[in-house]
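Each chain, letter by letter, is given below.
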Amino acid sequence: MATRLDIPRPSEISQLLRGETEVISNWSQHWSVDRFVLHLGIIVVGSGLYGATMGGWRAPEQAFFVAIKFPLIILLVTAGNALINGLLAPLLGLSIRFYQSFSAIVMSLTVTSAILGAFSPVMAFLIWNAPSMGSKASTQSSYCLILLAHVAVIALAGTTGNVRLLQLLVRLSSNRAIALRVLGAWLTGNLFLGTQLTWILRPFIGSPTLPVEFLRANAFHGNFYETIFHSFQEILTH
(Lines give C-alpha, C1' and ligand atoms only; values in the text may rest on other atoms or scores of the structure.)
Protein backbone atom coordinates (compact mmCIF):
# COMPACT_ATOMS: atom_id res chain seq x y z
CA MET A 1 0.00 0.00 0.00
CA ALA A 2 1.66 3.17 -1.17
CA THR A 3 1.16 6.45 0.68
CA ARG A 4 0.53 9.51 -1.44
CA LEU A 5 1.53 12.89 -0.10
CA ASP A 6 -0.58 14.95 -2.50
CA ILE A 7 -2.22 17.91 -0.78
CA PRO A 8 -6.05 17.75 -0.98
CA ARG A 9 -7.83 20.76 -2.45
CA PRO A 10 -10.89 22.42 -0.83
CA SER A 11 -12.91 21.40 -3.91
CA GLU A 12 -12.45 17.76 -2.93
CA ILE A 13 -14.94 18.28 -0.09
CA SER A 14 -17.65 19.32 -2.54
CA GLN A 15 -16.78 16.31 -4.70
CA LEU A 16 -17.22 14.06 -1.68
CA LEU A 17 -20.54 15.66 -0.72
CA ARG A 18 -21.80 15.31 -4.30
CA GLY A 19 -20.78 11.66 -4.31
CA GLU A 20 -18.67 11.82 -7.50
CA THR A 21 -18.11 8.11 -7.91
CA GLU A 22 -15.05 8.08 -10.12
CA VAL A 23 -13.13 10.53 -7.94
CA ILE A 24 -14.12 8.88 -4.65
CA SER A 25 -13.28 5.44 -6.02
CA ASN A 26 -9.78 6.66 -6.88
CA TRP A 27 -9.40 8.04 -3.35
CA SER A 28 -10.38 4.70 -1.81
CA GLN A 29 -7.76 2.87 -3.91
CA HIS A 30 -4.89 5.29 -3.21
CA TRP A 31 -4.39 6.14 0.45
CA SER A 32 -3.47 9.76 1.21
CA VAL A 33 -2.39 10.85 4.68
CA ASP A 34 -3.25 14.49 3.95
CA ARG A 35 -6.74 13.60 2.75
CA PHE A 36 -7.29 11.39 5.80
CA VAL A 37 -6.28 14.27 8.11
CA LEU A 38 -8.64 16.61 6.23
CA HIS A 39 -11.53 14.19 6.64
CA LEU A 40 -10.77 13.76 10.34
CA GLY A 41 -10.75 17.54 10.70
CA ILE A 42 -14.21 17.79 9.14
CA ILE A 43 -15.48 15.01 11.40
CA VAL A 44 -14.17 16.74 14.52
CA VAL A 45 -15.32 20.26 13.57
CA GLY A 46 -18.72 19.31 12.11
CA SER A 47 -19.75 16.92 14.87
CA GLY A 48 -18.20 19.19 17.51
CA LEU A 49 -20.32 22.14 16.41
CA TYR A 50 -23.44 20.01 16.46
CA GLY A 51 -22.51 18.62 19.85
CA ALA A 52 -22.22 22.15 21.22
CA THR A 53 -25.79 22.90 20.11
CA MET A 54 -27.01 19.76 21.87
CA GLY A 55 -25.53 20.69 25.22
CA GLY A 56 -26.10 24.43 24.84
CA TRP A 57 -29.72 24.23 26.00
CA ARG A 58 -28.62 22.99 29.44
CA ALA A 59 -25.56 25.16 30.12
CA PRO A 60 -22.35 26.47 28.48
CA GLU A 61 -20.36 23.84 30.38
CA GLN A 62 -22.61 21.11 28.97
CA ALA A 63 -22.09 22.51 25.47
CA PHE A 64 -18.32 22.24 25.97
CA PHE A 65 -18.57 18.66 27.25
CA VAL A 66 -20.76 17.52 24.35
CA ALA A 67 -18.53 19.29 21.81
CA ILE A 68 -15.83 16.87 23.00
CA LYS A 69 -17.96 13.73 23.41
CA PHE A 70 -19.83 13.86 20.10
CA PRO A 71 -16.72 13.82 17.86
CA LEU A 72 -15.34 11.10 20.15
CA ILE A 73 -18.41 8.95 19.41
CA ILE A 74 -18.02 9.50 15.66
CA LEU A 75 -14.34 8.52 15.79
CA LEU A 76 -15.07 5.43 17.90
CA VAL A 77 -17.84 4.40 15.49
CA THR A 78 -15.40 4.90 12.61
CA ALA A 79 -12.76 2.69 14.22
CA GLY A 80 -15.23 0.02 15.36
CA ASN A 81 -17.08 -0.23 12.07
CA ALA A 82 -13.83 -0.23 10.09
CA LEU A 83 -12.81 -3.40 11.93
CA ILE A 84 -16.23 -5.03 11.68
CA ASN A 85 -16.91 -4.09 8.08
CA GLY A 86 -13.39 -5.01 6.99
CA LEU A 87 -14.30 -8.56 8.00
CA LEU A 88 -17.92 -8.51 6.80
CA ALA A 89 -17.38 -7.05 3.31
CA PRO A 90 -15.58 -10.12 1.86
CA LEU A 91 -18.18 -12.42 3.44
CA LEU A 92 -20.93 -10.40 1.73
CA GLY A 93 -19.23 -10.65 -1.66
CA LEU A 94 -17.28 -7.39 -1.79
CA SER A 95 -13.58 -8.17 -2.28
CA ILE A 96 -11.80 -5.04 -1.11
CA ARG A 97 -8.73 -4.49 1.04
CA PHE A 98 -9.02 -3.38 4.62
CA TYR A 99 -7.71 0.13 3.94
CA GLN A 100 -10.34 0.56 1.20
CA SER A 101 -13.08 -0.41 3.63
CA PHE A 102 -11.63 1.93 6.24
CA SER A 103 -11.40 4.76 3.72
CA ALA A 104 -15.04 4.28 2.71
CA ILE A 105 -16.16 4.37 6.36
CA VAL A 106 -14.15 7.54 7.02
CA MET A 107 -15.58 9.26 3.94
CA SER A 108 -19.15 8.28 4.82
CA LEU A 109 -18.79 9.71 8.34
CA THR A 110 -17.11 12.80 6.89
CA VAL A 111 -20.29 13.41 4.90
CA THR A 112 -22.36 12.74 8.03
CA SER A 113 -20.34 15.22 10.09
CA ALA A 114 -20.49 17.87 7.38
CA ILE A 115 -24.30 17.56 7.34
CA LEU A 116 -24.44 17.75 11.14
CA GLY A 117 -22.27 20.86 11.09
CA ALA A 118 -24.61 22.43 8.52
CA PHE A 119 -27.62 21.63 10.72
CA SER A 120 -26.04 23.10 13.86
CA PRO A 121 -27.28 26.68 13.20
CA VAL A 122 -30.81 25.33 12.62
CA MET A 123 -30.80 23.39 15.88
CA ALA A 124 -29.23 26.34 17.70
CA PHE A 125 -32.11 28.50 16.44
CA LEU A 126 -34.62 25.91 17.69
CA ILE A 127 -33.00 25.84 21.12
CA TRP A 128 -32.73 29.63 21.24
CA ASN A 129 -36.48 29.92 20.77
CA ALA A 130 -37.32 27.12 23.22
CA PRO A 131 -38.04 27.91 26.89
CA SER A 132 -34.95 27.79 29.08
CA MET A 133 -34.40 24.35 30.54
CA GLY A 134 -35.71 24.31 34.10
CA SER A 135 -37.95 27.36 33.68
CA LYS A 136 -41.70 27.25 34.40
CA ALA A 137 -42.43 27.56 30.67
CA SER A 138 -40.32 24.50 29.90
CA THR A 139 -42.24 21.22 29.92
CA GLN A 140 -41.46 17.54 29.49
CA SER A 141 -43.07 17.71 26.06
CA SER A 142 -40.67 20.45 24.88
CA TYR A 143 -37.74 18.41 26.17
CA CYS A 144 -38.94 15.32 24.31
CA LEU A 145 -39.58 17.35 21.15
CA ILE A 146 -36.03 18.70 21.10
CA LEU A 147 -34.66 15.24 21.89
CA LEU A 148 -36.53 13.68 18.99
CA ALA A 149 -35.51 16.55 16.68
CA HIS A 150 -31.87 15.77 17.44
CA VAL A 151 -32.46 12.06 16.87
CA ALA A 152 -34.13 12.81 13.52
CA VAL A 153 -31.28 15.07 12.34
CA ILE A 154 -28.60 12.60 13.41
CA ALA A 155 -30.46 9.71 11.76
CA LEU A 156 -30.84 11.74 8.55
CA ALA A 157 -27.17 12.71 8.49
CA GLY A 158 -26.01 9.19 9.29
CA THR A 159 -28.19 7.55 6.65
CA THR A 160 -27.26 10.13 4.02
CA GLY A 161 -23.56 9.69 4.76
CA ASN A 162 -23.85 5.97 4.01
CA VAL A 163 -26.36 6.04 1.16
CA ARG A 164 -24.40 8.81 -0.58
CA LEU A 165 -21.59 6.31 -1.07
CA LEU A 166 -23.80 3.51 -2.38
CA GLN A 167 -22.59 4.23 -5.91
CA LEU A 168 -19.02 3.77 -4.68
CA LEU A 169 -19.89 0.31 -3.36
CA VAL A 170 -21.62 -0.53 -6.64
CA ARG A 171 -18.52 0.56 -8.54
CA LEU A 172 -16.19 -1.45 -6.31
CA SER A 173 -18.35 -4.59 -6.44
CA SER A 174 -19.85 -4.21 -9.95
CA ASN A 175 -23.02 -5.67 -8.44
CA ARG A 176 -25.83 -3.59 -6.94
CA ALA A 177 -27.17 -6.48 -4.84
CA ILE A 178 -23.78 -6.98 -3.17
CA ALA A 179 -23.42 -3.24 -2.64
CA LEU A 180 -26.84 -3.08 -0.96
CA ARG A 181 -25.94 -5.98 1.34
CA VAL A 182 -22.69 -4.31 2.37
CA LEU A 183 -24.43 -0.95 2.85
CA GLY A 184 -27.10 -2.62 5.00
CA ALA A 185 -24.40 -4.19 7.17
CA TRP A 186 -22.63 -0.84 7.53
CA LEU A 187 -25.85 0.98 8.45
CA THR A 188 -26.68 -1.69 11.02
CA GLY A 189 -23.22 -1.42 12.54
CA ASN A 190 -23.46 2.37 12.66
CA LEU A 191 -26.88 2.18 14.30
CA PHE A 192 -26.13 -0.29 17.07
CA LEU A 193 -22.59 0.80 17.85
CA GLY A 194 -23.40 4.50 17.61
CA THR A 195 -26.54 4.40 19.75
CA GLN A 196 -24.89 2.30 22.46
CA LEU A 197 -21.86 4.58 22.63
CA THR A 198 -24.24 7.54 22.77
CA TRP A 199 -26.04 6.00 25.71
CA ILE A 200 -22.85 5.23 27.63
CA LEU A 201 -21.37 8.70 27.06
CA ARG A 202 -24.53 10.57 28.09
CA PRO A 203 -25.60 13.24 29.06
CA PHE A 204 -25.83 15.26 25.87
CA ILE A 205 -28.86 17.52 26.19
CA GLY A 206 -28.75 17.22 29.97
CA SER A 207 -31.48 17.58 32.60
CA PRO A 208 -32.36 20.55 34.86
CA THR A 209 -32.76 18.19 37.81
CA LEU A 210 -29.27 16.67 37.42
CA PRO A 211 -25.86 18.32 37.71
CA VAL A 212 -23.80 19.25 34.67
CA GLU A 213 -21.25 16.47 34.28
CA PHE A 214 -19.18 14.76 31.62
CA LEU A 215 -20.51 11.25 32.33
CA ARG A 216 -23.38 9.87 34.42
CA ALA A 217 -22.54 7.70 37.43
CA ASN A 218 -25.00 5.09 36.08
CA ALA A 219 -23.63 5.15 32.53
CA PHE A 220 -24.31 1.45 31.92
CA HIS A 221 -27.88 1.44 33.29
CA GLY A 222 -30.77 1.16 30.77
CA ASN A 223 -30.43 1.65 27.01
CA PHE A 224 -30.96 4.18 24.24
CA TYR A 225 -34.05 2.58 22.69
CA GLU A 226 -35.94 2.54 25.98
CA THR A 227 -35.50 6.31 26.28
CA ILE A 228 -36.71 6.98 22.74
CA PHE A 229 -39.77 4.79 23.33
CA HIS A 230 -40.69 6.73 26.50
CA SER A 231 -40.18 10.05 24.65
CA PHE A 232 -42.70 9.01 21.99
CA GLN A 233 -45.13 7.98 24.71
CA GLU A 234 -44.74 11.34 26.44
CA ILE A 235 -45.54 13.28 23.26
CA LEU A 236 -48.54 11.10 22.36
CA THR A 237 -50.09 11.50 25.80
CA HIS A 238 -49.91 15.31 25.78
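Residues numbered from 1 in each chain as written. Predicted model: local features only at pLDDT ≥ 70, side-chain atom pairs only at ≥ 80, totals over all residues. Heavy atoms only, no water.

Trainee: Could you give an account of the pattern of salt bridges, with specific residues and numbers?
Mentor: Pairing of side chains with opposite charge becomes possible as their charged atoms draw close. Applying the stated criterion across every chain, the model contains 3 salt bridges. When the shortest N-O distance is used, the salt bridge between Glu12 and Arg35 registers 3.1 Å. Pair noted here: Glu12 is in helix α1 (residues 11-18) and Arg35 is in helix α3 (residues 33-56), with a separation of 23 residues, a long-range link. Side by side, Glu12 and Arg35 carry an identical accessibility label, which is buried. Salt-bridge contacts for Arg216 lead to Glu213; the nearest nitrogen and oxygen are separated by 2.8 Å. Classification of Arg216 as buried rests on a relative accessible area of 12%. You can call Glu213 partly exposed: its relative accessible area is 23%. (Salt bridge = Lys/Arg side-chain N within 4 Å of Asp/Glu carboxyl O. Helix = DSSP H or I, 4+ residues; strand = E, 2+ residues; numbered from the N terminus. Buried < 20%, exposed > 50% of the residue type's maximum accessible area, 1.4 Å probe, protein only.)

Trainee: How would you summarise the packing of aromatic side chains if you had to cite specific residues and measurements?
Mentor: Here the distance between the centres and the angle between the planes together describe a pair of aromatic rings. Taken as a whole and assessed by the stated rule, the structure comprises 9 aromatic pairs. Aromatic pair Phe64 and Phe65: ring centres 6.2 Å apart, planes at 50°, arrangement tilted. Over the ring of Phe214 we find Lys69; its NZ or CZ atom is 5.3 Å from the centre of that ring. Sitting over the face of the ring of Trp199, Arg202 holds its NZ or CZ atom 3.9 Å from the ring centroid. (Phe/Tyr/Trp six-rings, centres within 6.5 Å; stacked < 30°, edge-to-face > 60°. Lys NZ or Arg CZ within 6 Å of the ring centre and 35° of its normal.)

Trainee: So what's going on with the environment of Phe36? Which residues, and what values?
Mentor: Checked against the element boundaries, Phe36 lands in helix α3. According to the relative accessible area criterion, Phe36 is partly exposed, its value standing at 22%. Counting along the chain gives 67 residues from Phe36 to Ser103, while the straight-line C-alpha distance between them is 8.1 Å.

Trainee: With reference to specific residues and values, describe the side chain of Gln100.
Mentor: Tracing the backbone shows Gln100 in helix α5 (residues 98-129). The contact partners of Gln100, leaving out residues within four places of it in the chain, are Ser28, Gln29 and Leu172. (Contact = heavy atoms within 4.5 Å.)

Trainee: So what's going on with the packing of α3 against helix α6 (residues 140-163)? Residues and values would help.
Mentor: Axis separation between α3 and α6 bottoms out at 11 Å; the angle between their running directions is 170°. One finds that α3 runs roughly antiparallel with respect to α6. Residues Tyr50, Thr53 and Met54 of α3 pack against His150, Val153 and Ile154 of α6. Tallied by class, the residues present in the contact of α3 with α6 amount to 4 nonpolar, 2 polar and no charged. (Axes fitted to C-alpha atoms, helices over the stretch in contact; angles between N-to-C directions. Parallel < 35°, antiparallel > 145°, perpendicular 65-115°, else oblique. Nonpolar A, V, L, I, M, F, W, Y, C, P; charged D, E, K, R; others polar.)

Trainee: Talk me through α5; I want residue IDs and the actual numbers.
Mentor: The terminal C-alpha atoms of α5 lie 46 Å apart, and with 32 residues this matches the ideal 46 Å at 1.5 Å per residue to within 8%. In α5, a bend of some 35° at Ser120 exceeds every other bend along the element, and Pro121, a proline, comes one to four places later. (Expected span 1.5 Å × (residues − 1). Bend = angle between axes of the 7 residues up to and from the residue.)

Trainee: Explain the environment of Val106 to me, using residue names and the numbers behind them.
Mentor: Within the element layout of this structure, Val106 appears in helix α5. When the C-alpha positions of Val106 and Ser132 are compared, they lie 36 Å apart, and in sequence the two are 26 residues distant.

Trainee: A description of helix α8 (residues 176-200) should follow, citing residues and the corresponding values.
Mentor: For α8, with 25 residues, the first-to-last C-alpha span of 36 Å sits near the 36 Å given by 1.5 Å per residue. When α8 is considered as a whole, its buried residues turn out to be Ile178, Ala179, Val182, Leu183, Ala185, Trp186, Gly189, Asn190, Gly194, Thr195, Leu197 and Trp199. The secondary structure elements touched by the buried residues of α8 are α4 (60-91), α5, α6, α7 (166-173) and α9 (224-236). Backbone nitrogen of Ala177 and a side-chain oxygen of the N-cap are separated by 2.9 Å at the start of α8; the cap is Asn175. (Polar contact = N/O pair within 3.5 Å; in protein donor to acceptor, adjacent residues only side chain to side chain.)

Trainee: Any details on empty space enclosed by the protein? Residues and values, ideally.
Mentor: In this approach a probe as big as a water molecule rolls over the atoms, and the regions it shows empty are the leftover space. One pass over the structure, following the stated rule, counts 1 cavity of 30 Å³ or more. Considering only enclosed or pocket space, the largest cavity measures out at about 90 Å³ in volume. Lining the largest cavity are Trp27, His30, Trp31, Ser32, Arg35, Phe36, His39, Ser103, Val106 and Met107. Counting only elements with at least two residues in the lining of the largest cavity, the list comes to α3 and α5. The residue makeup of the lining of the largest cavity, split by class, is 5 nonpolar, 4 polar and 1 charged. (1 Å grid on protein atoms, 1.4 Å probe; cavity = no way out; pocket = protein on both sides within 12 Å on 5 of 7 lines; lining within 4 Å. Points joined across faces, edges and corners; volume = space filled by probe spheres on them.)

Trainee: Go over the confidence of the model for the protein chain with me, naming the residues and quoting the values.
Mentor: Confidence in the prediction of the protein chain, expressed as mean pLDDT, is 84, and 93% of residues score 70 or more. No element of the protein chain has a lower mean pLDDT than α9, which averages 75, and none a higher one than α3, which averages 93. Across residues 1-5, confidence stays below pLDDT 50; counting only partners more than four residues off in sequence or on other chains, it has 11 contacts. (pLDDT = per-residue confidence, 0-100.)

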